[in-house]
Amino acid sequence: STHRDACGLVVAPILPRAREPESFHRYVSADPDAQVTGTPFPELTRRDTALASVIDAASAVGRFTPGQARQRGAARDLCIGLASLAGFRDARLIGAALGASRSAVARQLQRAPGHVHGRDVPPELRVAATVLEDPRFTALVEGDLRLLPAWRKFRGRR
């Protein structure tokens, strides 16, 4: 969906951000097929979170699967940076979740910002932190999406 692009809730948008993302979100989320009263716009909150939720949020805004986060590169870096912002500092724990060495994660954590409101926080980390623990932002699914129950439901409506 390009809804996240218009709301500024992806790392690399395909479409430009709407002039008024909150109004656009309210309009889209009030669709009768969604929830007529609309849903709140995602906002940055501080919660106790699980490392799996960190990977899910990074996957959702980065448009990569959790499996892709297990490879070197921007996806894994985003997961490690978001884990740092969420308060995870154990390189061994993060490395185990991402299939990375403790030393590689430790180096990344040294460069990661410690607080989301700091000046040195990259925009992609701000976006990921905004949607962390929001149940609407789940990890992308590995494999063929046509095998999912939601896809079969969608096909039945057409």
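Just above sits the structure.
Bear in mind the structure is a predicted one, so any value in this text is a computation, not a measurement.

Draft legend 1. The arrangement of the overall build of the protein chain in detail. Summing up its helical and strand segments, the protein chain has eight helices and zero strands in all. Listing every helix and strand of the protein chain by position from the N terminus yields α-α-α-α-α-α-α-α. Taking the intrachain contacts of the protein chain between residues at least 6 apart in sequence as the baseline, contacts between residues at least 24 apart amount to 62%. When the accessible surface of the protein chain is split by element, carbon and sulfur atoms take 53% of a total near 9900 Å².

Draft legend 2. Expanded view of the environment of Arg-4. If you trace the backbone, Arg-4 turns up in helix H1 (residues 3-7). Ignoring any residue separated from it by four or fewer positions in sequence, one finds Arg-4 in contact with Leu-9, Val-10, Ala-60, Arg-136 and Phe-137.

Draft legend 3. Structural context of the pattern of salt bridges. Evaluation of the coordinates by the stated rule reveals one salt bridge. A salt bridge links Asp-5 to Arg-63, with the shortest nitrogen-to-oxygen separation between them at 2.4 Å. Taken as a pair, Asp-5 in helix H1 and Arg-63 in the loop between helix H3 (51-62) and helix H4 (74-85) lie far apart in primary sequence, 58 residues in all. Residue classification places Arg-63 among the partly exposed residues on the basis of a relative accessible area of 32%.

Draft legend 4. Spatial organisation of the nonpolar core. Residues Val-54, Leu-82 and Ile-94 are the most contacted members of the largest nonpolar core, which totals 35 residues. Contributions of two or more residues to this core are made by H3, H4, helix H5 (91-98), helix H6 (102-111) and helix H7 (123-131). Filtering out sequence-adjacent residues up to four positions away, Val-54 remains in contact with Thr-49, Cys-79, Leu-82, Ala-83, Ala-86, Phe-88 and Leu-132.

Draft legend 5. Broad picture of the side chain of Gln-108. Tracing the chain through its elements places Gln-108 in helix H6. Owing to a relative accessible area of 15%, Gln-108 belongs among the buried residues under this scheme.

Draft legend 6. Focus on H6. Taken residue by residue, H6 has Val-105, Gln-108 and Leu-109 as its buried positions. Each buried residue of H6 lies within a common arc of 100° when the element is viewed along its axis, so the set occupies one face. Residues Gln-110 and Arg-111 are exposed on H6 and point more than 90 degrees away from its buried face. Residues of H6 that are buried in the fold lie against H4 and H5.

Rules behind the numbers
- Residues numbered from 1 in each chain as written.
- Predicted model: local features only at pLDDT ≥ 70, side-chain atom pairs only at ≥ 80, totals over all residues.
- Heavy atoms only, no water.
- Helix = DSSP H or I, 4+ residues; strand = E, 2+ residues; numbered from the N terminus.
- Contact = heavy atoms within 4.5 Å.
- Areas by Shrake-Rupley, 256 points an atom, 1.4 Å probe, with all protein chains shown as cover.
- Salt bridge = Lys/Arg side-chain N within 4 Å of Asp/Glu carboxyl O.
- Buried < 20%, exposed > 50% of the residue type's maximum accessible area, 1.4 Å probe, protein only.
- Core = buried A, V, L, I, M, F, W, Y, C linked by side-chain atoms within 4.5 Å.
- Arc of directions from axis to C-beta.

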